[in-house]
Amino acid sequence: EYHSPMTMEEEGEAVDYFGTTFAIEEEDHTLANSLRFFLNKNPHVEFCGYSMPHPSEEVVNIRVQTTGEVSATQALRSACEDIKNVCVHMKAAVEAECA
């Protein structure tokens, strides 16, 4: 099972747990756009967007701003779980059709 290395960048001196930029290494638009989709479906997320600094760099920056009811980290973890659940469902559906 592959886990992408993820680091959290803190902007400025004060840490804002409800607005955070996450840097995900060794990933591209595939994961970033999926995370953006599920984060934007979360009613506690006010803003979510991603960027890739440069095509030659294997890093995606994802900015998450929440309403304050959950932290940005909690929202990102929830989106990751949503993606995992969709993948598990899709795998089971394909296996059922191919059996």
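Structural data are supplied above this passage.
Report follows, based on the coordinates.

The next subject is the nonpolar core. Ranked by internal contacts, the top residues of the largest apolar core, which has 17 residues, are L35, L39, V45, I62, V64 and A75. Taken together, the elements giving at least two residues each to this core come down to strand 2 (19-25), helix 1 (29-41), strand 3 (45-51), strand 4 (59-66) and helix 2 (72-98). The element contributing the most residues to this core is helix 2, with five residues. Setting aside residues up to four positions removed in sequence, L35 forms contacts with I24, I62, L76, A79, C80 and I83.

Before going further, it helps to examine helix 2. Helix length check: helix 2 (27 residues) gives 39 Å between terminal C-alpha atoms against 39 Å at 1.5 Å per residue, within 8%. Within helix 2 the residues assigned to the buried category are A72, A75, L76, A79 and I83.

Rules used throughout
Throughout this description, residue numbers start from 1 for each chain and increase along the sequence as written. For this predicted model, a pLDDT threshold of at least 70 governs which residues receive local features, and a threshold of 80 or more governs which side-chain atom pairs are given and counted, while totals over whole chains, interfaces and linings are taken from all residues. Computation of side-chain values covers all heavy atoms of the structure but excludes hydrogens and water. To define a nonpolar core, start from buried Ala, Val, Leu, Ile, Met, Phe, Trp, Tyr and Cys residues and group those joined through side-chain atoms within 4.5 Å. When a residue's accessible area, from a 1.4 Å probe over protein chains only, is under 20% of the maximum for its type it is buried; when over 50% it is exposed; and in between it is partly exposed. A run of H or I in DSSP counts as a helix once it spans at least four residues, and a run of E counts as a strand once it spans at least two, with each numbered from the N terminus. Whether two residues touch is decided by their heavy atoms; if any such pair falls within 4.5 Å, the residues are in contact. Take the number of residues in a helix, subtract one, and multiply by 1.5 Å to get its expected span.

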